[in-house]
Amino acid sequence: MIADFQAAENMIEGFINMIDGRRRFFSHMKMVICIPSGITEVEKRAVFDSADHVDSKETYLIHEPMAAALGIGLDVEEPEGNMIIDIGGGTTEIAVIALSGIVCDQSIRIAGDEFTNDIVSYMKRQHNILIGERTAEQIKIHVGSALHELEGDLAPEDYAVNGRDLMTGIPKQIKVGYREIAHSLDKSISKIEDAVLKALESTPPELAADIFRRGLYLTGGGALLRGLDKRISLKTKLPVQVADDPLRAVVRGTGIALKNTDRFSFLIDRKSV
Ligand SMILES: Nc1ncnc2c1ncn2[C@@H]1O[C@H](COP(=O)(O)OP(=O)(O)O)[C@@H](O)[C@H]1O
Ligand SMILES: [Mg+2]
């Protein structure tokens, strides 16, 4: 999600500066930039402007769920429908993809960052302890769970958390287990489930049949939350697969798009916005 275009431009510039100097000098710079599916035309133009400012000679935009689908190896040009649930930091994007297009999509501003905030408030409310965002993210990664009961080796050990006691002001350490984190994330995950159900409801029937057979694909960092696949599967009664290396599905797909800019009709160029 793009909240600050100046920051976006600085970030793009930072990435470009990481490219080896000589290669940068000799190349005609072509860029493919991922955008959330819910972005407005004005925002799209602003992304193109940012790319112009950093000297891109040829710029294309790609919707994130499309990039995610390419990145996990789906054939997005075929007539069969696939549903992608991409849970990033700021947004969760749910999209049905078929014939090189996004047939229907839902984008909600509940994703990994919201899970982290949920953990901060839970720790304050339940344990009277103040923790920072980074600590909360570590809790999410170490003992985050979407289910109150995890099977066997999926269940993580309790995690030691350091924070400041709100009553005494003194640093304190407590141990947290995955069950209480599952409890703290419950509401946000339900909102994601509702969005998935809504997306399924708005899927055209022929594609719904494909999705019924193939199931749903989970990508993005949020896909790493323990038990999330099972929870969504129980809710929808559909098979759910977590992509390999879900954190990099989008960027891998964007790389594939960059190599196929003359072939992929779904890439957005400057003229079309
Ligand atoms: N192991 C993990 N378990 C749960 N969430 C994770 C894990 N690793 C990363 N995340 C979360 O994934 C989010 C980033 O995912 P990503 O797909 O890279 O987002 P974006 O596309 O918005 O950049 C962050 O909120 C991060 O905390
Ligand atoms: Mg993403």
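From a predicted model like this one, the values you see are computed outputs, not experimental measurements.

Observations regarding the pairing of strand β2 (residues 58-63)
And then number 1: Of all six residues that make up β2, five are buried, and the element is covered over most of its length.
And then number 2: Alignment of β2 against strand β11 (residues 268-269), held across two bridges, turns out to be antiparallel. The residue bridging Tyr 60 from the neighbouring strand is Asp 269, located in β11.

A short note on the packing of helix α5 (residues 112-127) against helix α7 (residues 178-201)
A packed helix pair is summarised by two numbers, namely the angle formed by the two axes and the spacing between the axes.
And then number 1: Between α5 and α7, whose axes approach to 9 Å, the crossing angle comes to 140°. Between α5 and α7, the angle is such that the two are oblique. Classified by chirality, the crossing of α7 by α5 is right-handed. Judged by residue contacts, Glu 114, Phe 115, Asp 118, Ile 119, Tyr 122 and His 127 of α5 engage Glu 180, Ile 181, His 183, Ser 184, Leu 185, Ser 188, Ile 189 and Ile 192 from α7.

With respect to the site of ligand 1
And then number 1: Among the 14 residues in the neighbourhood of ligand 1, the closest are listed as Gly 88, Gly 89, Glu 137, Lys 140 and Gly 221.
And then number 2: Within the contact set of ligand 1, an oxygen atom lies 2.8 Å away from a backbone nitrogen or oxygen of Gly 89.
And then number 3: In the environment of ligand 1, an oxygen atom lies 3.0 Å from a nitrogen or oxygen atom belonging to the backbone of Gly 221.
And then number 4: A total of 590 Å² of accessible area belongs to ligand 1 in isolation, and the protein chains cover 72% of it.
And then number 5: Among the cavities detected, the one that contains ligand 1 is the second largest pocket.
And then number 6: Among the secondary structure elements, those contributing two or more residues to the shell around ligand 1 are α5 and α6 (133-143).
And then number 7: A total of three residues in the shell around ligand 1 trace back to one element, the largest contributor, which is α6.
And then number 8: Of the residues that constitute the shell around ligand 1, the class distribution is four nonpolar, six polar and four charged.

So, the nonpolar core
And then number 1: Counting residues in hydrophobic clusters, the biggest one holds 43 residues, and the most contacted among them are Met 123, Ile 131 and Leu 216.
And then number 2: The element contributing the most residues to this core is α7, with eight residues.
And then number 3: Leaving out residues up to four positions away in the same chain, Met 123 has contacts with Asn 128, Ile 129, Ile 131, Val 161, Ile 174 and Val 176.
And then number 4: Among the nonpolar cores identified, the runner-up in size contains 18 residues, and Met 66, Val 76, Ile 97 and Val 250 belong to it.

Describing helix α8 (residues 205-214)
And then number 1: Every buried residue of α8 is listed here: Leu 207, Asp 210 and Ile 211. Projected down its long axis, α8 carries its buried residues within an arc of 95°, all on one side. In α8, the exposed positions that point more than 90 degrees away from the buried face belong to Pro 205, Glu 206, Phe 212 and Arg 213.
And then number 2: Those residues of α8 that are buried are in contact with β3 (82-87), β4 (92-98), β5 (101-108), α7 and β9 (216-219).
And then number 3: Among the residues trailing α8, Gly 215 stands out with phi positive, at a value near 85°.

Comments concerning the sheet that holds strand β7 (residues 159-165)
And then number 1: Taken together, the three strands give an open sheet; going across it, the order is β6-β7-β8, and neighbouring strands pair in antiparallel fashion. The open sheet has two free edges, formed respectively by β6 (129-130) and β8 (171-176), since each of these has just one partner strand.
And then number 2: Here β6 pairs with β7 via two bridges, running antiparallel. Its bridge partner being in β7, Ile 129 is matched across the sheet by Asp 165.
And then number 3: α6 contacts β7 and β8 of the sheet and is inclined by roughly 160° relative to β7.

Topic: the packing of aromatic side chains
And then number 1: For the coordinates displayed, the defined rule picks out one aromatic pair.
And then number 2: Judged by centre distance (4.8 Å) and plane angle (25°), the rings of Phe 264 and Phe 266 are stacked. Neither residue differs from the other here; Phe 264 and Phe 266 are each classed as buried.

Side note on the pairing of β8
And then number 1: Looking at chain direction, β7 and β8 are connected through six bridges and run antiparallel. When the bridges of β8 are listed, Tyr 159 appears paired with Val 176.
And then number 2: With antiparallel pairing between neighbouring strands as the criterion, β7 and β8 make up a hairpin whose turn holds five residues, including Gly 169 at a positive phi of roughly 80°.

Brief notes about the layout of surface pockets
And then number 1: Counted as a void, the second largest pocket has a volume near 500 Å³.
And then number 2: As for the second largest pocket, its lining consists of 20 residues, and the residues nearest its centre are Gly 112, Glu 137, Lys 140, Ile 141 and Gly 221.
And then number 3: The residue makeup of the lining of the second largest pocket, split by class, is five nonpolar, nine polar and six charged.

Reading guide: rules and limits
Residues numbered from 1 in each chain as written. Chains lettered and ligands numbered in written order. Predicted model: local features only at pLDDT ≥ 70, side-chain atom pairs only at ≥ 80, totals over all residues. Heavy atoms only, no water. Buried < 20%, exposed > 50% of the residue type's maximum accessible area, 1.4 Å probe, protein only. Helix = DSSP H or I, 4+ residues; strand = E, 2+ residues; numbered from the N terminus. Pairing = 2+ DSSP bridges. Axes fitted to C-alpha atoms, helices over the stretch in contact; angles between N-to-C directions. Parallel < 35°, antiparallel > 145°, perpendicular 65-115°, else oblique. Left-handed = near helix turned anticlockwise from the far one by under 90°. Contact = heavy atoms within 4.5 Å. Near = heavy atom within 4 Å. Polar contact = N/O pair within 3.5 Å; in protein donor to acceptor, adjacent residues only side chain to side chain. Areas by Shrake-Rupley, 256 points an atom, 1.4 Å probe, with all protein chains shown as cover. 1 Å grid on protein atoms, 1.4 Å probe; cavity = no way out; pocket = protein on both sides within 12 Å on 5 of 7 lines; lining within 4 Å. Sits in = over half its atoms within 2 Å of the grid points. Nonpolar A, V, L, I, M, F, W, Y, C, P; charged D, E, K, R; others polar. Core = buried A, V, L, I, M, F, W, Y, C linked by side-chain atoms within 4.5 Å. Arc of directions from axis to C-beta. Phe/Tyr/Trp six-rings, centres within 6.5 Å; stacked < 30°, edge-to-face > 60°. Points joined across faces, edges and corners; volume = space filled by probe spheres on them.

So yeah, pure geometry; function would need other evidence.
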